[in-house]
Every structure is written in C-alpha cells, then in structure tokens.
Amino acid sequence: MGYLFAHHLLYETKGILKKVNHIISFEFGIFLLSFLMLVGCARNTIDQEVPTTAVQSPENGQSFFTGSKIPVSLSLADDVNLDRYNIRVRKNDPFTTSWDTLVILRLEGQTADVDMALDVPLWAKSGNYELKFYCEDQFDKISDSTFVYVNLIKGDTILPSVLSTAPEPYDAFYTDGQMPVKAELSDNETIVSYALEVKSLTNDEGWDLNFSQAIWGNPVFIDTVINIPEAALSGAYELLIHGTDISNNTTTIAVPFSLQNSTDPSPPQVNITSPYVEDTVTVFSGSNLIILGNAQDENGLLALKINLYDTDEDETLLYQQPVVSLQGNNAYTLQEIVPVPAESGYYIVEMIITDTVNNANIISFVLKVL
Ligand SMILES: [Ca+2]
Ligand SMILES: [Ca+2]
Ligand SMILES: [Ca+2]
C-alpha cells in the first residue's frame, strides 16, 4: 500500500512536474520565437554583418609601367546589400602615410564582381606602391581591407616605329584574293602587340577588318597575308597597322590601297547627250544646268552623285546633290538639274555613277559661269 501510495505520489508529482515543464517550455518557446523574430528582423533591416572584399588582380609584387593600366578584378559580397567599393593608393615609404582615393563607385546587390583597368599616369613616380581595396554595405559597414603591393616602373613617351613594305601604297587587289602584309615594328623598349585594320574610304558598307595580336620583342616583324572577302565592294581602302610598346604608346601608319570586286569588274557605262562635256560647259549665272543622258550596268546600278567644286587651290566642295538611288536597275535615264552658282567664274562638276559592287564611272567637266 505504502509502495502504491508512494508510487502514486510520485506519479502525481511527475504530472505536476510535467505540467510545470510544459508551461516552462511553452513560455520559453514564446521567448525563443520572439528572439528568433527579433534576430530575423535584424537580418532584414539592421544588417549585422560587414561585407567582404576579395582581390584576384593585381597580385602582390606585380610590376607595371607608368602610362599603362593595372587590371583590377574584385569579388565583393554582403549579407544584405552592397553600396560602394573603394580603391586607394599610397606610395610605400615610411614618410608617406596618407592614402589617395583612386576609385569610389556604387554597387548594388549581395554580390558583385568588378573588372576594370586602373590608368597609371605617365607622370607617376616609379617605386613601390600600396593599393588598398575595400567595400561598404548600405549601412556603412566596412569590409576588411585587402592590401596589394605593386611596383611602378617609369614608362616612356617614345613612340614605336612602324615601317611597312607590303602592301605598297595604292596597290590594287581583286576581292577573293590575298593581300600581303609585311612590316617591321621597333621601339626603345619592347613591342607588345600589333593590330591590323581595314577601312573603306568611300562608303561604310565596305570590307571592315579588325585584328590584333599580342607579340613580344624588339624589333618584331609582321609577315602575313589577309584574305580579301569575295563580296567586298570595289573602291578606295586603307590598311592601318598599329604597333604598341610596353608603355602603351601606339604608332599607326596607313597604307592606301584599292579593291576591285572580282564578280563584276566593269563600271557602269554612261553616255551624256547634253551638255557636251568634252569641253568647257558655259552657262549663265542664276540658271540651272540640265544634264541629260543614260547609264547602264549589267549587274545593276547603285547610285548617282553630283558634286560641284570651286577651282581654288583646295577645290572646295560648294554643292552636293542629294544622292539618287538607282535601286539596282540595269538602266537609268539621266535628267539632272544642278543649280548654277550666282558668282561668275570657273567651277568643276563631278558626276559619280556606281554599280552594286561600287565600281564607279566618274565624269567631270569644267563649268564656266557668265
Ligand atoms: Ca552587411
Ligand atoms: Ca617606347
Ligand atoms: Ca558593273
């Protein structure tokens, strides 16, 4: 009996204890919940954590010439929101302690990758420099700074020399052929890259090429060929050869050349019936010059342009008729009206008729205004 009572008492006590325990857990639970909510809110609004800054480039001990660029690559992160990153610099000597700000730029989001190039002024003193990278979050919490030491070596302002032997100026090439390129690049330091560029001088729809190549040496020789696309238009072009030295100085030379489209080697045929353009054409001031005739091309006509030039030393362009689109037609009847200058004197009229691959028939004559 005694045992039973004792057991019962124990049972009752356990029950009360259980209840107490339950009440405690419930209250503790509420408390814990509020605490977690508080922490949760803090995570969303108060922002407890500082952001982080990792630097992939530049690396400690790297050397750069003044006048060149330092590639910078950073990975930034924050628990809530980044706000800006900072790059500062100071010369690494015991007497200089102040930092100069190089970059402060805004950011957004929890992570950001920064890839940029820092310009090193040519006038910067050579020596060892300390770069400091850090970022800040939207509550002005600042990340630990990462320090990178770099060496600056005095760059130079002496341009490389670029001499080309091929193509020769005004060489003519057929499209679908090849253009040889030969050049010698030299410098007081080192050549680090060259680039080849082709530009049309007559229109924007010509053949455009842009090619660059890292190279190391002094001197260096370019000996290559460029494949000319078959569809390139006829006309005047230039080849630009750029040579760049280790201090980022670039010298560019331009070699003019011409292209003849190989699918249509014939310019349009043009027949002017009036006026008689084999001789000086005389007109009265204030009148109109009327040009009559016809033009044909087997592969289609592209455009007609008429320009009026002064006969002064610079051959100043005085008037340009709006370009007449010939829309690829095989024939066109010329009935052009050109206003005659008010001032008496001698002028030059130039008519340019092109076909669809830009072959041009250019007719020009002297206009005498009475
Ligand atoms: Ca933060
Ligand atoms: Ca140089
Ligand atoms: Ca043609």
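Here the structure is shown first, and the text comes after it.
Residues numbered from 1 in each chain as written. Chains lettered and ligands numbered in written order. Predicted model: local features only at pLDDT ≥ 70, side-chain atom pairs only at ≥ 80, totals over all residues.

Topic: the environment of Lys-182
No. 1: For Lys-182, the position within the fold is in strand E11 (residues 178-186).
No. 2: For Lys-182, a count of 15 C-beta atoms within 10 Å puts it in the partly exposed group.
No. 3: Between the C-alpha atom of Lys-182 and that of Val-225, which follows or precedes it by 43 residues, the distance is 8.4 Å.
No. 4: Setting aside residues no more than four positions away along its own chain, Lys-182 makes contact with Ser-164, Thr-165, Ala-166, Ile-222 and Asp-223. (Helix = DSSP H or I, 4+ residues; strand = E, 2+ residues; numbered from the N terminus. Buried ≥ 20, exposed ≤ 12 C-beta atoms within 10 Å, placed from the backbone. Contact = placed C-beta atoms within 7 Å.)

Considerations on the sheet that holds strand E5 (residues 100-106)
No. 1: As summarised here, the arrangement of the 5 strands in space is E2-E8-E7-E4-E5, forming an open sheet in which the pairing is mixed. The open sheet has two edge strands, strand E2 (62-65) and E5, and neither has a second partner. This sheet shows a mean twist of 25 degrees between the axes of neighbouring strands, independent of strand direction.
No. 2: Pairing between E2 and strand E8 (residues 146-153): 4 bridges, direction parallel. The partner of Phe-65 across the bridge, within E8, is Ile-153. (Pairing = 2+ DSSP bridges. Axes fitted to C-alpha atoms, helices over the stretch in contact; angles between N-to-C directions.)

Concerning the nonpolar core
No. 1: Among the nonpolar cores identified, the biggest contains 38 residues, and Phe-64, Leu-74, Phe-133, Val-150 and Leu-185 are the most heavily contacted of them.
No. 2: With 5 residues, strand E7 (residues 127-137) is the single largest residue contributor to this core.
No. 3: Both of domain 1 (65-153) and domain 2 (161-260) provide at least three residues apiece to this core.
No. 4: If we ignore the near neighbours within four places in the chain, the residues touching Val-150 are Pro-58, Gln-62, Phe-64, Ile-70, Tyr-129 and Leu-131.
No. 5: Counting residues in each nonpolar core, the second largest holds 15 residues, with Ile-291, Leu-304, Val-349 and Met-351 among its members. (Core = buried A, V, L, I, M, F, W, Y, C linked by C-beta atoms within 7 Å. Domains from an automatic or database assignment.)

A short note on the sheet that holds strand E6 (residues 111-119)
No. 1: Across the sheet, which stays open at both edges, the 3 strands sit in the order E1-E3-E6 with antiparallel pairing between neighbours. One side of each edge strand has no neighbouring strand; the edge strands of this open sheet are strand E1 (52-57) and E6. Along the sheet, successive strands turn relative to each other by an average axial angle of 25 degrees, direction set aside.
No. 2: Bridge count between strand E3 (residues 69-77) and E6: 9 bridges; the pairing is antiparallel. Note that in E6 the partner of Pro-71 across the bridge is Ala-117.

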